[in-house]
Each structure stands twice: as structure tokens, then as C-alpha cells.
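Per-entry structural report
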2 protein chains.
Amino acid sequence: MKAERIIPVPFNRVSVDDLFWSPRIETNRKVTVPIGYEQCRNTGRLDAWKLDWKDGDPYRPHIFWDSDVAKWMEASSCSLYFHPDNKLKKNLNGVINLMEKAQQPDGYLNSYFTAVEPGNRWTNLRDRHELYCAGHLIEAAVTHFVTTGDDKFINIIKRYADCIDSVFGNGAGQKRGYPGHEELELALVKLFRATGENRYIELAAFFLNQRGTRPHYYDLESASREEDPAENYEYWQAHLPVREQTEAVGHAVRAMYLYSGMADVAAETDDEELAEACRILWRNVTGKRMYITGGVGSTERGESFTADYDLPNETAYAETCAAIGLVFWAHRMLHIDMKPNAKYADTMERSLYNCVLSGVSLDGTRFFYTNPLEVRPGHAMAQSGLENNYRYFRQEWFNCSCCPTNIMRILSSFGQYIYSSSNDSIYVHLYAGSTVKVVMEGVRVNIRQKTEYPWKETVTLSVEPDEPVEFSLSLRIPGWCENASLELNGKEIRQLQITSGYAHMRRLWREGDTLNLILPMPVQKIEAHPEVRGNCGKIAIMRGPIVYCLEEEDNTQSLNDIRLDSSAELKAEYDENLLGGCTKITGTANIRKGEVWTDHLYRPGIAETMPVEIKAIPYCLWNNRRPGGMLVWITENIPD
Amino acid sequence: MKAERIIPVPFNRVSVDDLFWSPRIETNRKVTVPIGYEQCRNTGRLDAWKLDWKDGDPYRPHIFWDSDVAKWMEASSCSLYFHPDNKLKKNLNGVINLMEKAQQPDGYLNSYFTAVEPGNRWTNLRDRHELYCAGHLIEAAVTHFVTTGDDKFINIIKRYADCIDSVFGNGAGQKRGYPGHEELELALVKLFRATGENRYIELAAFFLNQRGTRPHYYDLESASREEDPAENYEYWQAHLPVREQTEAVGHAVRAMYLYSGMADVAAETDDEELAEACRILWRNVTGKRMYITGGVGSTERGESFTADYDLPNETAYAETCAAIGLVFWAHRMLHIDMKPNAKYADTMERSLYNCVLSGVSLDGTRFFYTNPLEVRPGHAMAQSGLENNYRYFRQEWFNCSCCPTNIMRILSSFGQYIYSSSNDSIYVHLYAGSTVKVVMEGVRVNIRQKTEYPWKETVTLSVEPDEPVEFSLSLRIPGWCENASLELNGKEIRQLQITSGYAHMRRLWREGDTLNLILPMPVQKIEAHPEVRGNCGKIAIMRGPIVYCLEEEDNTQSLNDIRLDSSAELKAEYDENLLGGCTKITGTANIRKGEVWTDHLYRPGIAETMPVEIKAIPYCLWNNRRPGGMLVWITENIPD
């Protein structure tokens, strides 16, 4: 018998009630998702579906608009599941009705190509986001179906998927192309899972296997358009067949979506070769090309990966969507092997608690597209010529507004990242107050998680089976944690059985069984690999999964001049009045005295310093007060 | 009686025979200047003067080509003065003949506007370099006249200057405009000095005084072209009248040329208000906006100044031409007051010995346009997508090739920066082996300077008057130097009279009088102002005027990971086999051990380090071996 794979517990089986996440999820539901609708409406993204745009009208539809609407629909569907809301439902159904009317006789469904360039369908897969938009529509429809049971939207979308399936493939007269912006691959796996229709996963595998093969489809395609081919296809991750790719290259969001689709297909089809390609790429990203915040993409140029260990802090791109994409990929890597490996959950947690959450303001109204690790606004403004630069000031919306709607959907579906299960085992990947409903060996089991993580060290899990049942419960021991301990019904478990980063407990679970997991959270000074040139001689502060930063608001303007002794004591303290409640880190560092600096820039000799109190806040909460300087990597001094 | 101003001793009265400079000047003459001719010829810059270009021909003339040719002519004229060379003379005269034929009946002389856009003369002063090219032609012609005595070229150019003088001015029907790229102002002062014609300095003053006035000429001009005006005029230093400007803004080369012209006009016309504007701008540049190498311009965006203390090392623009422009300006600031102040010579020296000289390879064949203070080639390539990136690999030429020809002219006229004089005093600004011929109180005096500066600490000056004569000899005590001492005829002068940074000796000088100036040159660890964020926690190494850097070639690839103790001993040693002979700096630093870094990027705890020998070379000599990493600002550690 084939062993049963562990799969995620979907978000609708997990109700979240958490000190850290719930306020953000609530703000997302009450503020951000409604903003998404207003923005889509006000910018013409909804009206585009009326297909009546003509030259001269304002708001010319754009090739990627459908994806914004779809991501908003996905977020709305999730939101409606736990919180019925007639207005939201009406808005959502209104969009579905527009799409129904916009669908072409052959199933085709794209507002831009139908209304603006009807003759140019499928003529530029490389650059024009047609299949990318299709992917987001599919994701939205699957979520809508799962959360509402209503099959109207998914039926529309299945017709579109079937249309795509008829156009692309190895058959006679079919196109051998594949998405320039990956996304459809992972979406087709979702559609396969929701419908059980094999042709969808086969189409996903087709797109993956075609990618980067010779003769290059994008060469042929650009020749048909009488255009020069691209110099190379790294930007699109189409420079090599995906199984031969070993380094993360090109546009970071595309890369994350591609690798997510690869991991999905590898898991569903038991394709070990494809799984191994994913593992190699994973090691490259997390071992050489990822910011400490879980951000990826080191340059604005092409929103791209660059080279191993090239992780500049000030000019970091670290797009919010790319961090979200890394969460998607990490989540899928957890399910690529027969049993999860906690290293994937460590990275999922790193991105979620840091670079993802920094993408939206505490009040849910403004968004970061890029997430630098160091900012000095006056200098950034002078360098770029832009006031209220998007690098240090969250914006209300963007022309290319992928990040806000991605934030909406990940926050509204957060519960799905916490647990995975099979018939006789359940894994806890993340620590967040929640209740999960699963069935173990035919018995209904609720597990209730109570915690003030990531501020406090204790997680309490109550196991509530309908009747006593044997199964395995596996708790992730985070990679950042040393000396974790676990109590069962008040007694410490002496010999924790930890494999692949999870503590496993197999037993006959009874109503009232209670686990206390203690994850000591000392303040940690973190150093980066010596090849990360910008972090040499510097340390970052972490506590638990939280990366800290210094903000000008709490410290001096000259954040860079703060020198922290390697031996300095740092104190963690929860402050309920700070930024919605969070644990701050304080301590004493040194800074140069200013008196000797009059009108000169350079002087010989060694600085005289004086002590300075510093206060660090979670990176994910920066820029929620006045715009000002921010710094993650702090100059370190090693006294003898 | 009006006090006599100190003025520069022109280059043709100074013969240079110096360990440091002569090889560079010789290479410039023998290799670089001939390359300049070949490049101007091969790229169409010379043929442009035939005025026969027509649509479809290769090498469409460009609006700034005339300036490249003119700067080459200036360099050639200087070169010919000390080294007659028939081939060079023939080439130079050939160009003059072309220009003679190209001159229009009204004196107008511009290859581009005559051949390519004959109808568009003077319609876009802001952007189209027309008056800038005129300035360079004037500089070339003045130099040609001074060095050859031949007035053919200067007569051509005077006709052009007169043409410009008739077009621009406050008179009826005259244009109120001024150069978008400054240069003509300082050139007109040179023409005034060479000819004694007041109208030239009046025109220079007119251009300066018009600049930035309202209604804005560039607004009117763009309206005439039916174009939108610029958002503001900082890029062109035309945002305010020049007397109201207090911060260096916009394009750095333009700024340097403007301020040079302002200083010239201030000195020649005793315009104290204009002089004060220069002093204020000087304090802003050297106190807040200058790299330690004497480079200026902190961003590639507009090749511009940015904000106070914004001096990033990796992305420094620090254009070679801007450093040369800073030398021009500093040289003029030395002569803006009745007596020189050595602070201007300090900066002149800083730029000359560091950022100017780094602009050309030791063999004279390749050029840097930008001069960053930190480079990691693999990362720079990945960030830019450019192989053999111009930021870490000198190029043979550029489409916009202002820097190579600027290098040619400054090296071929280097002697002019060493001395200044009046009727009864002589100032020594720079220390370089040379002989200067001056007349003091009617008596011919030769002063012979012998030194191995900047490698050795002693400068010997022999005073050789035709007959005993009283005058004042003033020697600059460099700002970097503590404990300078001076011997006259073997006896130490106990009480050096130092004012404004010069040691002054007034006496009856006799044949055979000899001065020994000793300038102690310990290796100095230099720190930068705390607001220079990228240099916090770092030190630069200097010895005398020379800024040092670490090159990958001599050290490790992870230059950034080198930590130098503030107390570390550094040793200076002359190495005749290193890069044409130079003093290297060596010592012991620390670097992290690599073993613990396997496949992870971040780890808690403090690095274990091990000692590493470091070797620093002069910044001006970097990138003369294999391309590799380079670093000026080194991580500093302060042990207890």
C-alpha cells in the first residue's frame, strides 16, 4: 500500500484566535479587503470586465488587471467563510456576473485581450500575463467553490481552463508555449485537487516540462511577432528546462510561483526528479539569496535575484509578493516529502512574521511593494528624486498593484499554514492561537492551541477527541530555538523524539490531554555569512522568529553610527502601548560624540564614543509612525 | 595702491621632473594623447568638422563632440610646449584648418549645429551643450596661443567669441540666456586674460548674473520650443541666482565648472559678494558632499550631488571629470582672496592624488568615468546585468567621452597647480619635483624642488636668484600633516610662522639657499562624519595625501569581512616593483573563520575570527591588475 502523504489542513478547518495574528486578519477583513474593492472599482479594473472600453476612454485596461481582481475575489471568498457579509457577497457576485457575461463562446476569459486586443490572444505568452491572469482566476474560483459550495464561478473557470487545455499541449495544432509569468501551474494543481480532473495536473506538468526547452518557444514566438528574441531567458526562469535549474534567477515573484508549481506537481505525481530540482533551488535561495527577513530579490532591476550572497540592505527589492511567494513555496516544500521537514516551516515563519507583514500598515490602509532593510529617507529621496518615496513610505495603491491584493489573500487564508495532517498524524508548523478540526482514524479530533507567541515562550495544546484515539502529534521545534521543552499533562517529557525538526508523540490521545511546549526566546544577536558584504561587522537582533530593527523615532537619526558590543545585554519587554502591543528590545550601545565634528567630513584618529540607550521594534511593524530612518543590521563591536 | 593679487604660475614656466608625476605625464603624452586623436578620428569627431554629414551617414555628429576635440587640442598644445612633435603638430594644425573652414561668416563655430541642425542655433541652451562646446574651443585656443605664440587659432576663436557676445547680453534684441552646461564662463575669463579684452569678462559676468533669474530663461526657451518646462532647475544649478546658492546641487561636473567660473570672475572683478557665494558653496561641498578621494557626485541619476552626508561607497558616481572640476575650482579658490588659504590646496591635492589619477590606467590606455570606493565585481555585474562593467573595469573610450580628454589636458598641464606668485612672493602649493622660473622684484629667480613625495617625507627647495633679492616664500603645510619642520641651510627654523596653512619666510634670498621641509607621514586611520551612514564603524587608511584601498588581488575576496583593530599597527614600505613603484601599507587584521558557514546564511552568536595579513595600495592605482574587488572603508573594531 502506498504510504499516505501529509497534506495541509485547509484554512476553513482552522479558526484562528490569536493575539498576534487576529488583529491583523481582522483589519484585513474590515479595512483592507474593502479598500481592494474600491481601488479595483475606482481604477477601472472592474469596469474592464464590461468589455466596452474604446480608444480615448480613461482607464485603458491593462494586461495584469484581471489578476488584481481575482486576488481580491480570493481574499473575499476566504473572508466570507468565517464572516458572512452581505455587501461583500453582493460585490463578489457582481464581479462573477460580469465575468460570466464576459466569457467568450470558446470559454476564453480575459478582459484585456477581449476588449483591447482581440486579435492578439496567445501571441506573446512571454510578456503579456495572459496565462498568469488565468491562474489567478482559477485560484479565486477554487477558493470560492471551497468556501461557498456554490459552483457557478468554478464552472465558468473550468470552461476557461478547458479552453486553455485545448490550445496548449503536445497534440497536433496545439501550442507548445508556457506562461511568461508563472502562476497558472500551481493554480491548475488547485483545480485538479478541487475537481479530481487529471487533465488539469497534466496541463500543469506540460507547462513545467516545456519551460526552457529548445527550440525556445519564446524565440519562435518573438519571430512570429517579427521581434528580436530576448538575450537570454533568466528573467523568466526559462533559460533551462526546470529540472536542470540549480540557481534562483530572474524575477523573484515569478521564480517563487514557478517553484511552488514545481513542488505541487512533484508531490502530486511523485516526480522525484522534479522534487530534487526543488530541493536544490531551495538550498540556493535560503542558503545564499534570502534576506534575514525572508525577503527575496536583491535588485529593483527586473525585480530580480542577482548573485549568491548579494543582499544589499538599502537597495533591497524584497518585494512583498516575493516574500508571499516564498511562503507559498515553503508551504509546498513541507509536503513534497512523505514527512515534513521543519526547515521549510522555519523559512515560512521567517517570511510571514517579517517581510510579509511589513508589506501592510498596522491600520491596513497602506502597502509596501519593496521591503528594504535600511532606510535614510532624506538620502533616499535625494538619490531617487522622489518625495514620499515608496521605499520608506507605504502607498495607498500602485499602478502595478500585485502586492496589496496578495496581502489580502494571504491574511484572509492564514489558518492554512498552521497544520498538516494525514489519517493518523497531525503536524503543527506554526504557533498561533487556533482550533483545528481533523479526523484521525475515523475519530473527530479538535486541537486547541493557546499561546501568546511570538512574544511569550509557552504554547498550550489541548487535544479533544470525540473518543480516545491513537495518532501521532508532531510539533515543530523552530530552528532558532535551543532547549525547547515539552510537558504532557503537567509532566516534562524527558526524551523528546525529534526528527526533521519536529517532536513526535504517538499515543492514545484522550479528551483533556494537554501539552505545554516551552520555546525559550532569548534575544539573539545574529551574524550573516561573511560573503554578504553589507552585513560584515554587523549584527541583527532577533527574538524567536521576529527580526528587529531600529527606527529613528525611538533612537537617533544616525542609526548607522550606533555600535553594539557583542557582549551587550539586551532586554526584551512586552509593551502593550507600542504599535498595537509588541515586545521591544532595549539595551545600551555606543555612539560617537558629535562635538568634534564641525565643518569637516574626515579626521584622523579613533572616535570617542558615549553610551546611548537603544530601542528596537519588530521589523514587521516599522513605518507605522512618522516616516524616518530604519536599520536592521547594526554595527557590532567586539571588545577584547 | 591696490594690493597685488597672487596668481598662478602658468604650466609653461614650470618644468616637472618628479618621481610620482613624471611617469604619468610622460605616459599621457606618449600614449594617451595619441589615443585621443585616434579615437576622435575613428568615431567621426574630426570628420564632423567637414560639415558634410547627411542623413544615413554613419557617425551622426553629436552636440558635445566639439568639446572632446577641443580638450584634445588643449592637451596637445600643452604637450607640444615641452616636447616638439611634428606628427602631433601636424594633426593639431589639421584640426585648426578644418575649424577655419567650418567657421560661418558671422563667426559661428559648431560642427553639430552647422551640419545637422542649422536652423536650431541657440534654441535650446539648457540641454544642447552649444555654449559648453564654445567654452572648450576657447580654452583650447588660449592654450594654443600661449604655448605656440601662433595666433591663427585664437583669432578664429575670438571671432566666435565676438559672435556669441553679439547674440547674448542685456542689449536690445540680445538673448538673456546662459549655458546649460557651464564652462564658457571660465573660458571667457581665460580669453580675457590672454587678450586683455574687457568684453569677454563682462560676458562671463553676464552669464553668471543671468543664471537662475526670473522669469526663467529656460522656461521661456522651452515655451518657444512648445515643450513643457523642467520641474526645477537644480540639475543645471539654475534654480536660484548664483549669489543665492548655498548648496551644491545637480550635475556635479556642471557645478564644478560653474563655481570655477564664479571664482574667476569674483577674483578678476573684486566681486566680494560672488566670492562669498563661492566660499559658502565650498564649505558645503568639502564639508558635507565630498568623498575622501576628492570625488564628488553621489549618484548616477543625473550624475549629481544628492544630500548632505549622502556618500555611498558602492554606488558612488564620483565622475573623473567632476574630480578634475574640483581641482579647477580649488585652484581658483586659492586665488580668490588676497592671500591663498591652504585648505583649498589641501582639497586640490586630495582630488589630484586620488580621484583624478584613478581615472586613467597606469599604461594610459583605459579610463574610469566613475570612481566608486567599493566594488565587488560579481555582485556589481549581477546588479547591473553588465559584464566588464564600467564601474570596475576601465574602458577604452565612451560614447560620452568627456573624462578621457579631461585627463589628457589636466596631466599635460599639471605644472600649473604647483606654484603661485606675485611681484614679491611665491607660494608652493604642491610638492612635486620641478623647477619654476619667476621674477621677484625684477630679479629672475629659479626655484628647484626635489622630493620623492608623496612616498617620502622630505622636500628640498633650492633658491637660485640671479642676484640676492628679498621676497616671501610660502610653503603649504598640508592639513593632513602634524609636526612639520623646516630647515634653512641646514638649520631648523624654530618658530615657523604659519598663517592660513602656509609657512612664510621673507628674507633676502641668495644663490644656494636651501630649504628642507619635513612632512611626517605616519599611516593614519581616518574616520568619517557620523552622518555618513556607509562609513560608520569603518576607517580608511591614508598616508600623506594618499588614500589607500584593499584590492582582492592582494587580500581575500571577502574584503568587507576584514576587521581592523583601531590599535592595529600598520607599516608603510616603498615597493619599487608594485604598480610602477609605490608605498604599500601592511598589517594584521582579523577575519571570520569560514568553517562554520556551510549552507546557512544567518547564525546566532559572535564570530570566531582569525588573524589575516592585509596589504593596502594607493586608491589611485587600483584596477591595474586583474579586475577584482576593491574597498576603501574598512570595518573597524575597537578593542577595550
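Residues numbered from 1 in each chain as written. Chains lettered and ligands numbered in written order. Predicted model: local features only at pLDDT ≥ 70, side-chain atom pairs only at ≥ 80, totals over all residues. Heavy atoms only, no water.

1. Describing unusual backbone geometry
Note: most peptide bonds trans; most residues except glycine with negative phi. All names here are of chain A. Of the consecutive residues R214 and P215, the connecting peptide bond is found in the cis state with omega at -10°. Tracing the sequence through the fold places P215 in the loop between α8 (198-210) and α9 (217-224). Backbone geometry places E441, a non-glycine residue, at a positive phi of 50°. At S500, a position not held by glycine, the phi torsion is positive, near 50°. Inspection of the secondary structure puts S500 in the loop between β12 (498-499) and β13 (502-509). (Helix = DSSP H or I, 4+ residues; strand = E, 2+ residues; numbered from the N terminus.)

2. Some points on the packing of helix α12 (residues 320-333) of chain A against helix α15 (residues 402-412) of chain A
All names here are of chain A. Put simply, α12 and α15 touch, their axes get as near as 8 Å, and they point 35° apart. Crossing geometry of α12 relative to α15 is assigned as left-handed. Along its contact with α12, which presents T320, C321, I324, V327 and F328, the element α15 presents C402, C403, N406, I407, R409 and I410. Here the contact of α12 with α15 is built from residues that sort into 8 nonpolar, 2 polar and 1 charged. (Axes fitted to C-alpha atoms, helices over the stretch in contact; angles between N-to-C directions. Left-handed = near helix turned anticlockwise from the far one by under 90°. Contact = heavy atoms within 4.5 Å. Nonpolar A, V, L, I, M, F, W, Y, C, P; charged D, E, K, R; others polar.)

3. Brief notes about the relation of the copies chain A and chain B
Between the two copies of the chain lies a relationship made up of a rotation around an axis and a movement along it. Note on the identical chains: chain A maps onto chain B by a rotation of 180° and an axial translation of 0.0 Å, with an RMSD of 0.0 Å. Taken together, the rotation and translation describe the operation of a two-fold axis. The rotation axis passes nearest to the C-alpha of P639(A) in chain A, at a distance of 2.1 Å. (Least-squares fit on C-alpha atoms with pLDDT ≥ 70 in both.)

4. Some remarks on the domain arrangement of chain A
Taken domain by domain, chain A comprises domain 1 (21-51 + 60-200), domain 2 (419-518) and domain 3 (524-637). The gap between the C-alpha centroids of domain 1 of chain A and domain 2 of chain A is 37 Å. (Domains from an automatic or database assignment.)

5. Here we look at the sheet that holds strand β9 (residues 469-476) of chain A
All names here are of chain A. If you walk across this open sheet you meet the 6 strands as β1-β4-β5-β9-β13-β12, and the pairing is mixed. Lying at the two open borders of the sheet, with one neighbouring strand each, are β1 (7-8) and β12. Two elements, β12 and β13, share 2 bridges in a ladder whose sense is antiparallel. Among the inter-strand pairings, T499 is bridged to a residue of β13, identified as Y502. Where helix α13 (residues 342-356) meets the sheet, its contacts fall on β9 and β13, and the angle it forms with β9 comes to roughly 55°. (Pairing = 2+ DSSP bridges.)

6. Notes on the interface of chain A and chain B
When the parts come together, some accessible area is lost, and that loss is often what is quoted as the size of the interface. The interface of chain A with chain B comprises 65 residues on the first partner and 65 residues on the second. Here chain A packs against chain B, burying approximately 5700 Å² in sum over the two surfaces, 49% of which is carbon and sulfur. Taken together, chain A and chain B are joined by 10 salt bridges. Close ionic contact of E527(A) with R603(B) constitutes a salt bridge, the shortest N to O distance being 2.9 Å. Every element with two or more residues in the side of chain A that touches chain B is listed here: α11 (272-288), α14 (377-384), β15 (523-528), β21 (602-604) and β24 (634-637) of chain A. (Buried area = accessible area lost by both parts, 1.4 Å probe. Salt bridge = Lys/Arg side-chain N within 4 Å of Asp/Glu carboxyl O.)

7. Description of empty space enclosed by the protein
Inspection of the entire model under this criterion finds 5 cavities of 30 Å³ or more. Estimated volume of the largest cavity: approximately 50 Å³. If you trace the largest cavity, you find it lined by R533(A), E374(B), V375(B), R376(B), Q557(B), L559(B), N560(B), G629(B), M630(B) and L631(B). Of all the secondary-structure elements, those providing two or more residues to the lining of the largest cavity are β3 (374-375) and β23 (630-631) of chain B. Classifying every residue of the lining of the largest cavity gives 4 nonpolar, 3 polar and 3 charged. (1 Å grid on protein atoms, 1.4 Å probe; cavity = no way out; pocket = protein on both sides within 12 Å on 5 of 7 lines; lining within 4 Å. Points joined across faces, edges and corners; volume = space filled by probe spheres on them.)

8. Regarding the pairing of strand β5 (residues 425-428) of chain B
All names here are of chain B. With burial as the criterion, each face of β5 is covered, one bearing S425 and Y427 and the other bearing I426 and V428. Two elements, strand β4 (residues 419-422) and β5, share 4 bridges in a ladder whose sense is antiparallel. When the sheet's bridge partners are listed, S420 is paired in β5 with Y427. Two successive antiparallel strands, β4 and β5, enclose a turn made up of 2 residues. Where β5 meets strand β9 (residues 469-476), 4 bridges bridge the pair, whose relative direction is parallel. Within β9, the residue paired with Y427 across the bridge is S474. (Buried < 20%, exposed > 50% of the residue type's maximum accessible area, 1.4 Å probe, protein only.)

9. Thoughts on α14(A)
Residue and element names in this part refer to chain A. What α14 keeps buried is the set P377, H379, A380, A382 and Q383. For α14, the secondary structure elements touched by its buried residues are β3 (374-375). Of the residues trailing α14, G385 is marked for its positive phi of about 80°.

10. A word on the sheet that holds strand β10 (residues 485-488) of chain B
Residues and elements named next belong to chain B. An order of β2-β6-β7-β8-β14-β10-β11 is seen for the 7 strands of this open sheet, with the pairing classed as antiparallel. Every interior strand has two partners, whereas the edge strands, β2 (14-16) and β11 (491-492), have only one. Direction of pairing for β2 relative to strand β6 (residues 434-440): antiparallel, over a ladder of 3 bridges. Each bridged residue has a counterpart across the sheet, and for V14 the counterpart in β6 is V436.

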